[in-house]
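What follows is the residue order along each chain.
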Amino acid sequence: MRVKRYVVNALPEAVSMIRSELGKDAVILNTKEIKVGGFMGMFRKKKMEVIAAIESNQTPPPPQPLRKADPQVDAAVEQILLTAQRTATAVMEPPAAPIVAEQNARIEREQFIMDEIRDLREYIVKLSKQSSNQMAMSEQLIQLKEHLIEQELDAPWIERLLETIMDKQNEERIEFNREQVWDHAASRLEEWLRPYVGSGISSQARVVHFVGPTGVGKTTTIAKLAAEHTIKNGRKVGFITSDTYRIAAVDQLRTYANILNVPLEVVFSPMDLPRAFMQLAERDLIYMDTAGRNFRSELHVSEVNSLLQTTEPSETVLVLSMTGKTRDMAAVAEHFSKYGVRKVLFTKLDETAVFGAIFNLIMNFELLPTYMASGQTVPDDIAKFQVETYIQQLLGSKSP
Ligand SMILES: Nc1nc2c(ncn2[C@@H]2O[C@H](COP(=O)(O)OP(=O)(O)OP(=O)(O)O)[C@@H](O)[C@H]2O)c(=O)[nH]1
Ligand SMILES: [Mg+2]
């Protein structure tokens, strides 16, 4: 067997080279992305390595035109080969003749087939890995898997976590007991969450907007945080509410404003905002409450965003309740992340025993958790998001 390695920019380029050098019976054994060149590991270029082979008793034909004895066709083929050998970033020239388009279509078809074969191969490898892992899964790992399914952690994350623990077991050539499995799971989850944790609500932000679905606890959370800042930190807090949508919504915030001795401004439209900010010019920190709406509708998301304008350093916090359904929370998070909202605050942790949604939302939408609220009592039932505390809640007890 004659085996040859090609390093090209794209697969069609290799296909043409293989056809002309090894002949039409050559087969592609492997393709993979590689990086070449560069300086001290930097500026490396992405290339594709293609391994092709032909049976040694089959002598490769001399490079032949793809069609015979037609100078016009020969010229067209020449043109295709030239085009294919250019860099992947080069702009493709328009086909010189209909035959060129035909050849290009053939190359595209071949590329499509090769892509399909590669996907299929990857799928088979994954399947065989999964089934051998499944067989190798210890009782402790099965318990962890079942626990995380109950916690509604997304399936791909569960698989990934189990794989890393199994790899570790194989590496150390031992079977972990339950405690070790739980400890490894905790450190992996912490490692994945760590980059998103810790920023809290920026201390630079003078204006903080709270947005989120109906009844998640935005107004209560504002009261809790304002109490913390006024009572504990002695900061001068001011409130703005744009929640004139629901009857008594203003009164709810006004009650907290009176208790905490915090001035409150009501805005009915974005045009009222400059006046409200002027009234609160003396305040160090302004919390803005917004009306809860059905934010699975993008229209409502864009509506509330029109109210979040300010020239001050500001931040927007998406408030989500743990009593919501994971899929609905994901839809809301996706809509708000389109508007650049990345900070999230979870409420009503006291009303659930299922915590997977927090991990899914942080990891899937790159959200940055700020606080966790776990009760109705103002100001006590709120705490900064602590990754260790959260992982403990998610994983539960190490003992069965
Ligand atoms: N159990 C529990 N209840 C909470 C928590 N936070 C808020 N609540 C309750 O949830 C209910 C709604 O709270 P609000 O603060 O009015 O919620 P909101 O998001 O401002 O509601 P809208 O303005 O109508 O969208 C109230 O009964 C709160 O006491 C929490 O962390 N745990
Ligand atoms: Mg409210």
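Residues numbered from 1 in each chain as written. Chains lettered and ligands numbered in written order. Predicted model: local features only at pLDDT ≥ 70, side-chain atom pairs only at ≥ 80, totals over all residues. Heavy atoms only, no water.

**Q** I'd like a description of the site of ligand 1, backed by residues and values.
**A** Taken together, 20 residues lie near ligand 1, and Lys218, Thr219, Thr220, Asp350 and Glu351 sit nearest. Measuring from an oxygen atom of ligand 1, one finds a side-chain N or O atom of Thr219 at 2.8 Å. Gln252 is positioned with one of its side-chain polar atoms (N or O) 3.0 Å from an oxygen atom of ligand 1. When ligand 1 is considered free in solution it has 650 Å² of accessible area, and contact with the protein chains removes 84% of it. When residues in the shell around ligand 1 are grouped by element, the largest group, 4 residues, is from helix α7 (residues 218-232). (Near = heavy atom within 4 Å. Polar contact = N/O pair within 3.5 Å; in protein donor to acceptor, adjacent residues only side chain to side chain. Areas by Shrake-Rupley, 256 points an atom, 1.4 Å probe, with all protein chains shown as cover. Helix = DSSP H or I, 4+ residues; strand = E, 2+ residues; numbered from the N terminus.)

**Q** Could you give me a rundown of the packing of helix α4 (residues 139-150) against helix α6 (residues 178-193), with the residues and numbers involved?
**A** Two elements in contact, α4 and α6, have axes separated by 9 Å at closest approach and are oriented at 45 degrees. Overall, the two elements α4 and α6 adopt an arrangement that is oblique. As α4 runs across α6, the sense of the crossing is right-handed. The segment α4 lies against α6, with Gln140, Leu141, Gln143, Leu144 and His147 engaging Arg178, Val181, Trp182 and Ala185. Counted by class, the contact of α4 with α6 contains 5 nonpolar, 3 polar and 1 charged residues. (Axes fitted to C-alpha atoms, helices over the stretch in contact; angles between N-to-C directions. Parallel < 35°, antiparallel > 145°, perpendicular 65-115°, else oblique. Left-handed = near helix turned anticlockwise from the far one by under 90°. Contact = heavy atoms within 4.5 Å. Nonpolar A, V, L, I, M, F, W, Y, C, P; charged D, E, K, R; others polar.)

**Q** Tell me about the sheet that holds strand β9 (residues 343-347), and please be specific about residues and values.
**A** Strand order in the open sheet formed by 8 strands is β6-β5-β7-β4-β8-β9-β10-β11, and the pairing between neighbours is mixed. The open sheet is flanked by β6 (264-266) and β11 (382-384), the only strands paired with a single partner. For this sheet, the mean inter-axis angle between neighbouring strands, taken without regard to orientation, is 25 degrees. Examined bridge by bridge, β9 and strand β10 (residues 368-373) share 3 bridges and lie parallel to one another. If you follow Lys343 over to β10, its bridge partner there is Leu368. Packing of α7 onto the sheet brings it into contact with β4 (207-211), β5 (237-241), β7 (285-289), β8 (314-321), β9, β10 and β11, and relative to β7 it is tilted by some 170 degrees. The sheet strands contacting helix α11 (residues 326-338) are β4 and β8, and the helix crosses β8 at an angle near 170 degrees. (Pairing = 2+ DSSP bridges.)

**Q** Let's hear about the sheet that holds strand β2 (residues 27-36): which residues, and what values?
**A** One open sheet accounts for 3 strands, arranged β1-β3-β2; its pairing is antiparallel. Looking along the sheet, the strands with just one partner apiece sit at the ends: β1 (2-8) and β2. Geometrically, the sheet is characterised by an average inter-axis angle of 20 degrees between neighbouring strands, direction not taken into account. Of the strand pairs in this sheet, β1 and strand β3 (residues 45-54) are connected by 7 bridges, and their pairing is antiparallel. Bridge pairing in β3 links Lys4 to Ala52. Contacting β1, β2 and β3, helix α1 (residues 11-22) runs over the sheet at an angle of about 145 degrees to β1.

**Q** Account for a nonpolar patch on the surface, with residues named and values stated.
**A** Nonpolar side chains collect at one region of the surface, where Met1, Val3, Val27 and Leu29 lie side by side and expose about 370 Å² of accessible area between them. Here Met1 is to be found in the segment before β1. On the basis of relative accessibility, which here comes to 55%, the residue Met1 falls in the exposed class. (Patch = residues over 30% accessible without salt bridge, like charges linked within 9 Å, V, L, I, M, F, W, Y side chains within 5 Å. Salt bridge = Lys/Arg side-chain N within 4 Å of Asp/Glu carboxyl O. Buried < 20%, exposed > 50% of the residue type's maximum accessible area, 1.4 Å probe, protein only.)

**Q** Could you give me a rundown of the pairing of β5, with the residues and numbers involved?
**A** Along β5, 5 of the 5 residues are buried, which leaves the element largely enclosed by surrounding structure. Going residue by residue along β5, you find Val237, Phe239 and Thr241 tucked away on one face and Gly238 and Ile240 tucked away on the opposite face as well. In this structure, β5 lies alongside β7, joined through 5 bridges in parallel fashion. Residue pairing for β7: Gly238 is matched across the bridge by Ile286. You can see the chain leave β5, run along helix α8 (residues 249-260) and come back into β6, and the turn it takes is right-handed. (Right-handed = clockwise from strand over helix to strand, strands pointing away.)

**Q** I'd like a rundown of the pattern of salt bridges, residues and numbers included.
**A** Counted by the stated rule, this structure contains 20 salt bridges. With a shortest N-O distance of 3.8 Å, Glu33 and Lys46 are connected by a salt bridge. Separated by 13 residues along the polypeptide, Glu33 in strand β2 and Lys46 in strand β3 bring together distant segments of the chain. This pair shows no difference in class: Glu33 is exposed, exactly as Lys46 is.

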